[in-house]
Amino acid sequence: MECGALSIVPVEGRSLRTLSDYAEKFGLDYEILGRAEMARRFPQHVLRDGEVGFFDPSGGFLRTDLAVNDAVEDACRNGAEVVNDPVSGVSTRGEAVALSVGDRVEMFDRVIVSAGAWGASLLPKLAGFSSPRRVLMTWFQARSHGFSPAAFPVFSRTIGGLNVYGAPALDGRHVKISGLVPHKEVDFAPGGLDFDSSASVEELREAGTIVGSAMRGVSKYPVRATGYPDLYTSDRDFLFDWVDSSRSVLVVGGLSGKGFKMSCGLGKRAARTVLEEDVLDDSFSLSRFAV
Ligand SMILES: Cc1cc2nc3c(=O)[nH]c(=O)nc-3n(C[C@H](O)[C@H](O)[C@H](O)COP(=O)(O)OP(=O)(O)OC[C@H]3O[C@@H](n4cnc5c(N)ncnc54)[C@H](O)[C@@H]3O)c2cc1C
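What counts, and at which threshold
- Chains are numbered independently. Their residues run from 1 in the order of the written sequence.
- Given that the model is predicted, a residue must reach a pLDDT of at least 70 before its local features are reported, and side-chain atom pairs must reach 80 or more before they are shown or counted; all residues, however, enter totals for whole chains, interfaces and linings.
- Strands are runs of DSSP state E lasting at least 2 residues, helices are runs of H or I lasting at least 4, and numbering of each runs from the N terminus.
- Whether a residue is buried, exposed or partly exposed follows from its count of other C-beta atoms within 10 Å of its own C-beta, namely 20 or more, 12 or fewer, or something in between, respectively; the C-beta atoms are built from the backbone.
- With C-beta atoms placed from the backbone, a contact is any residue pair whose C-beta atoms sit within 7 Å.
- Multiplying 1.5 Å by the helix residue count minus one yields the expected span of that helix.
- A pair of strands is treated as paired once DSSP finds two or more bridges between them.
- By definition, a residue lies near a molecule or strand when the C-beta atom built from its backbone is within 6 Å of it.
- Ten residues, namely Ala, Val, Leu, Ile, Met, Phe, Trp, Tyr, Cys and Pro, are considered nonpolar, four, namely Asp, Glu, Lys and Arg, are considered charged, and the remaining ones, Gly among them, are considered polar.
- Orientation is described by lines fitted to C-alpha atoms, with helices fitted over the stretch in contact, and by angles between N-to-C directions that extend from 0 to 180 degrees.

### A look at the overall build of the protein
Next, step 1: Scanning the protein for helices and strands turns up six helices and 15 strands.
Next, step 2: Taking the principal axes of the C-alpha coordinates as reference, the protein spans close to 65 × 45 × 45 Å.
Next, step 3: For the protein, with 291 residues in total, the buried portion stands at 28%.
Next, step 4: Summarising the internal contacts of the protein: among those between residues at least 6 apart in sequence, 66% fall at separations of at least 24.

### Topic: helix α1 (residues 14–25)
Next, step 1: The end-to-end C-alpha separation of α1 is 16 Å, in line with the 16 Å expected for twelve residues at 1.5 Å each.
Next, step 2: α1 sits mainly on the outside: zero of its twelve residues count as buried.
Next, step 3: Directly after α1, the chain includes Gly27, whose backbone phi takes a positive value near 65 degrees.

### Observations regarding the pairing of strand β15 (residues 249–253)
Next, step 1: For β15, the buried fraction is high: five of the five residues fall into the buried class.
Next, step 2: Burial along β15 is two-sided: Val249, Val251 and Gly253 facing one way and Leu250 and Val252 facing the other are all buried.
Next, step 3: With three bridges joining them, strand β7 (residues 111–113) and β15 adopt parallel strand pairing. The residue bridging Val111 from the neighbouring strand is Val249, located in β15.

### Considerations on unusual backbone geometry
Next, step 1: Phi at Arg247 is positive, roughly 55 degrees, even though this residue is not glycine.
Next, step 2: Residue placement: Arg247 occurs in the loop between β14 (239–242) and β15.
Next, step 3: Exposure remark for Arg247: the 16 C-beta atoms within 10 Å place this residue in the partly exposed category.

### Looking at the site of the ligand
Next, step 1: Neighbouring residues of the ligand: 20 residues in total, closest Gly116, Trp118, Leu255, Gly259 and Phe260.
Next, step 2: Only β8 (130–142) and β13 (218–233) provide two or more residues apiece to the shell around the ligand.
Next, step 3: Taken together, the residues of the shell around the ligand sort by class into twelve nonpolar, five polar and three charged.

### Points about the environment of Pro168
Next, step 1: Following the sequence through the fold, Pro168 ends up in the loop between β10 (162–167) and β11 (174–178).
Next, step 2: As a C-alpha pair, Pro168 and Ala150 span 18 residues in sequence and 8.5 Å in three-dimensional space.
Next, step 3: Apart from residues no more than four positions distant in its own chain, Pro168 is found in contact with Cys3, Phe147, Ser148, Pro149, Phe152 and Val175.

### Quick notes on the sheet that holds strand β6 (residues 104–108)
Next, step 1: Strand order in the open sheet formed by three strands is β4-β5-β6, and the pairing between neighbours is antiparallel. Edge positions in the sheet fall to β4 (87–93) and β6, since each of these pairs with one other strand and no more. Neighbour to neighbour, the strand axes of the sheet diverge by 25 degrees on average, direction disregarded.
Next, step 2: Relative to strand β5 (residues 96–101), β4 runs antiparallel, the two being bridged by six bridges. Residue Ser91 lies in a different strand from β5, and its bridge partner there is Ala98.

By themselves these figures say nothing about function.
If you want it as structure tokens, here you go:
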């Protein structure tokens, strides 16, 4: 949904220059909004000294559940088979790859592993330079109508070292404002996909305190909070590389909290790579972590 995107950044510093440079490079419209203009157009945000708004009117957000569902349905229409069972093991056998699924073993020429936070459970090699982390999503109640997509663009800003971001209230009431507490390492239940997605009272209090000081027109008490996991690499860049010397297992992961918008491009490149129509980009190789 194209509701615009607002980045609140220091007027002095690299962020504003980078945003403007990209907008210029790709010919995008943008506006830099000073304190008075921000108060008039986006009074929901409390600016700190030296901050300005960088507004990109063509920005917006993706409906992630719909996007994933549509992608699965599209894949099925194009001949894919979806198997809804967890894979418990990936191993190379000569030139082939064996996947353990339930009590069966299935053989493939090549496999793409994109198991997100669970990547290191399937491919232990990844554990040396990546770890599953819980990202806490929080929702706050709007006290006014000023948080609809027409009035409230998606936003991001740094507060106390945290990358805080949010989206408008699609139901007119629940504003998503997240990134308010630091990521936490996740422990998965042995052999499974389950993990503790709850937030502590202390975390909810911290989240509310930030919202109370940085936003107007929303209650500072979160009405909902849920943790979701992602795989974070130690340098926060992606993993896109063969895991084995016979080039039969390709890992695409370590998306470090920023991969959704890249997923179509990554999927296309992964498919082309296993079909040998594309070559790998060294920037995302596993060898960069070699000591
Ligand atoms: C709270 C939160 C907010 C985010 N906000 C943004 C954002 O605003 N913009 C953005 O670009 N990105 C965002 N991201 C990041 C983005 O969602 C992730 O980087 C991306 O989804 C990771 O993709 P993935 O395919 O690596 O993992 P996932 O999307 O987690 O997919 C992995 C899939 O593999 C399945 N799986 C795992 N293990 C097995 C197994 N053994 N057998 C079978 N299936 C298995 C899992 O069930 C899951 O469905 C956010 C992430 C979180 C957690």
